[in-house]
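Fold and contact review
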Protein chains: 2
Amino acid sequence: MNPEYYNTFHAYGEAVMYRWAGANRASKYGAVGVIVRSVTLSYDDFPHTGSMADYDSLPEIPACAVSTVGAKKLSEAIKTNPDLKVIYKASCKKLPDAPSHNVIAEIKGSMYPDEIITVGGHLDAWETGDGAHDDGTGVVQSMEVIRLLKALNIKPKRTIRCVAFMNEENGGKGGEKYAAECKAKNEKVIAALESDGGGATPQGFSFQGDTVKAENIMKWKNLLLPWGLYDWSYGHGGSDIDHLKDQGTMMIGLIPDSQRYFDYHHAASDTFDKVNRRELELGAAGMAALVYLLSEYGVK
Amino acid sequence: MNPEYYNTFHAYGEAVMYRWAGANRASKYGAVGVIVRSVTLSYDDFPHTGSMADYDSLPEIPACAVSTVGAKKLSEAIKTNPDLKVIYKASCKKLPDAPSHNVIAEIKGSMYPDEIITVGGHLDAWETGDGAHDDGTGVVQSMEVIRLLKALNIKPKRTIRCVAFMNEENGGKGGEKYAAECKAKNEKVIAALESDGGGATPQGFSFQGDTVKAENIMKWKNLLLPWGLYDWSYGHGGSDIDHLKDQGTMMIGLIPDSQRYFDYHHAASDTFDKVNRRELELGAAGMAALVYLLSEYGVK
């Protein structure tokens, strides 16, 4: 429902290709290094980083993001002096893969234990900050769904499984492995809900999957509307749960208010003081309510 | 539409009587001074203050708010030592009234200049902070409505008048005087829109006045829904515009996301770094859109 100039993910989606593909493209044309302007809506002093395309067979050249303030200074300096020389020092390097793990907890369903509802966020994060909104909040909210149901002494009819995914930012191997394990065990994940858009006030859910089933779930909208969850629309579920799409899973993404998200995204400024407790809890409560309804009524 | 545990103004509305009437009541029972726990949802070190009832003929006793952190410490200290003595020093005093002013700007209507749409916030604020969310943001948004219409080269059919009200916090004399002036000049203020709930992401408008007219305005909801303005409901318009209610004015309040508002309300922490530019601009844009529709179609 959100038009593209309202939801900041649209702007990010169109701009991120310069970070993603910039170094690859520059290498192709013989560049010795790449400096990209941070992909953020914030005018600040923090470099906002993120994943990049492989160099394929091209020479691997150093690449970095500079802050928007820094990018402006650099642009102005180049205009004044086209022969400007930049001293460029980078100490980062790509290390070999190492083992890491998804973290999983579940409440077994009392009537239909074989029907599983997955709820999750991802454990890994970019940068030297806390990775608070990306995606500490999503992990905490997913754990909170389980805690809330237990605190309310609810015995869900279907199995609810909380998954803290690993490696979302740098390959998505956690989501991939989880989907593969579900398939290998012939598990039936009827729905998966991901929170990976920050911990701000929730506005609704985006649905990806069978439209008849989605429409049936969207009928619950009026139950949650009074808590501000007004936007039930089709869209992306989440990158970790996306690997379940071949298994007929209804993939659902929490839609939080996106206005502040990219101010902190992939930067050292994404720290826990940027998270408002009430906003975070509202998102968790909305997720718990939807998961509860899914566990009671299934996906039909 | 918002249930009481979602919109933080409900909690404030129920709790504020302890700050408002506490000193009066304590004086009646012979107290020598009053310390109230700050009326805020935030657990912080800032005293959150605000207006209080007159002492009437009762002795005027000193009264202060302590932070929620301070109130907890004090409560615990009293529990440990019921004979606890508090040293209480207050330097504030009530000064005589002095002249101050509303600040007004308007665009004359091209077709119905005698039909006026007022849009405003209030200039005054509590405390040593900036009064950013209460109510700098409302004043800035109201000015922005005028600026946006001019920037878009829109000549509104009806008169649009931006009013920065004075003295909302401590008597409401600005709003009172404005309504009296309108009445004295026989002006027809068909609608008044106030932003006095902070500068966070807008969620809708609350309507106070003739219900047939209100329902007609609410028909425009779908036009603004894609920008998150989903909550068009009956409620309070605003304390500055409230004085217009005897003049048949449709009173409308912007409803921003209220989750963070009382974290900073009436405290030194209500500074401009707490305002997010995109959220502020979205509110101003929503207000401008509604004011434009009112100026085109009037109130019927």
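Shown above is the structure to which this text applies.
Note on numbering: residues in each chain are counted from 1, in written sequence order. Here the convention is simple: chains get letters from A, ligands get numbers from 1, in the order in which they are written. Since the coordinates come from a predicted model, pLDDT governs what is reported: local features require at least 70, and pairs of side-chain atoms require 80 or more to be given and counted, while whole-chain, interface and lining totals use all residues. The side-chain figures draw on all heavy atoms in the structure; neither hydrogens nor water molecules are used.

**A closer look at the overall build of chain A**
The helix count covers DSSP runs of H or I at least four residues long, the strand count covers runs of E at least two residues long, and both are numbered beginning at the N terminus. The number of helices and strands found in chain A is nine helices and nine strands. Against the globule reference of 19 Å for 300 residues, chain A gives a C-alpha radius of gyration of 21 Å, in line with a compact fold. Considering only C-alpha atoms, chain A reaches an extent of 70 × 40 × 35 Å along its principal axes. Working definition: with a 1.4 Å probe on protein chains only, accessible area under 20% of the residue-type maximum means buried, over 50% means exposed, and in between means partly exposed. Relative to its 300 residues, chain A shows a buried fraction of 51%. Any two residues whose heavy atoms approach within 4.5 Å are treated as being in contact. For chain A, the share of sequence-separated contacts (at least 6 apart) that also reach a separation of at least 24 residues comes to 82%. Here, Shrake-Rupley sampling with a 1.4 Å probe gives the accessible areas, and only protein chains in the shown set may cover a residue. Roughly 15100 Å² of accessible area belongs to chain A as shown, and the carbon and sulfur atoms make up 56% of that amount. Looking at charge distribution, chain A has the averaged site of its 32 positive side-chain charges lying 2 Å from that of its 39 negative ones. We compute the radius of gyration over the C-alpha atoms and compare it with the globule rule, which gives 2.2 Å times the number of residues raised to the power 0.38. Counting rule for charge: Lys and Arg are taken as positive, Asp and Glu as negative, and neither His nor the chain ends is counted. In plain terms, the charge of a residue is placed at NZ if it is Lys, CZ if Arg, CG if Asp and CD if Glu.

**Topic: the packing of helix α1 (residues 8-15) of chain A against helix α2 (residues 17-28) of chain A**
Residue and element names in this part refer to chain A. As a rule, the C-alpha atoms of each element are fitted with a line to give its axis, helices using only the stretch in contact, and angles between N-to-C directions run from 0 to 180 degrees. Look at α1 against α2: their axes get within 6 Å of each other, and the N-to-C directions meet at 10°. Our classification of the angle between α1 and α2 gives roughly parallel. Each of Tyr-12, Glu-14 and Ala-15 in α1 lies in contact with α2, whose residues at this interface are Met-17, Tyr-18 and Arg-19. Here the residues of the contact of α1 with α2 sort into four nonpolar, no polar and two charged. Oblique is the label for every angle not falling under 35 degrees (roughly parallel), over 145 degrees (roughly antiparallel), or within 65 to 115 degrees (roughly perpendicular). Put simply, Ala, Val, Leu, Ile, Met, Phe, Trp, Tyr, Cys and Pro go in the nonpolar bin, Asp, Glu, Lys and Arg in the charged bin, and everything else, Gly too, in the polar bin.

**Some points on helix α2 (residues 17-28) of chain B**
Side chains three or four residues apart in an α-helix point the same way, a direct result of the helix having 3.6 residues per turn. All names here are of chain B. Here α2 contains twelve residues, and its C-alpha end-to-end distance of 16 Å stays within 8% of the 16 Å for a straight helix at 1.5 Å per residue. Listed in full, the buried residues belonging to α2 are Arg-19, Ala-23, Asn-24, Ala-26 and Ser-27. For α2, the angular spread of buried residues about the axis comes to 165°, placing them on one side. Away from its buried face by more than 90 degrees, α2 exposes Tyr-18 and Lys-28. Once α2 finishes, Gly-30 follows within two positions and takes phi at roughly 90°, a positive value. Expected helix span is taken as 1.5 Å per residue step, with the number of steps being one fewer than the number of residues. By arc we mean the arc of the directions from the helix axis to the C-beta atoms, nothing more.

**Comments concerning unusual backbone geometry**
The omega angle of the peptide bond from Asp-134 of chain A to Asp-135 of chain A is 10°, so this bond is cis rather than trans. Counting through the fold element by element, Asp-135 of chain A comes out in helix α4 (residues 132-151). One non-glycine residue with positive phi stands out, namely Asn-153 of chain B, at about 55°. By the element assignment, Asn-153 of chain B lies in the loop between α4 (132-151) and β5 (158-165). We classify Asn-153 of chain B as exposed; its relative accessible area is 57%.

**With respect to empty space enclosed by the protein**
Buriedness of a pocket was judged along seven lines, with at least five required to meet protein on both sides within 12 Å; pockets are open sets of points on a 1 Å grid over the protein atoms alone, cavities are sets where a 1.4 Å probe fits but cannot get out, and lining residues have an atom within 4 Å of a point. Grid points are joined across faces, edges and corners, and a volume is the space filled by probe spheres set on the points. This structure, assessed with the given rule, holds three cavities of 30 Å³ or more. A volume near 70 Å³ is recorded for the largest cavity. Lining the largest cavity are 14 residues, with Gln-203 and Tyr-230 of chain A together with Thr-201, Gln-203 and Tyr-230 of chain B positioned closest to its centre. Of the residues belonging to the lining of the largest cavity, the class tally is six nonpolar, six polar and two charged.

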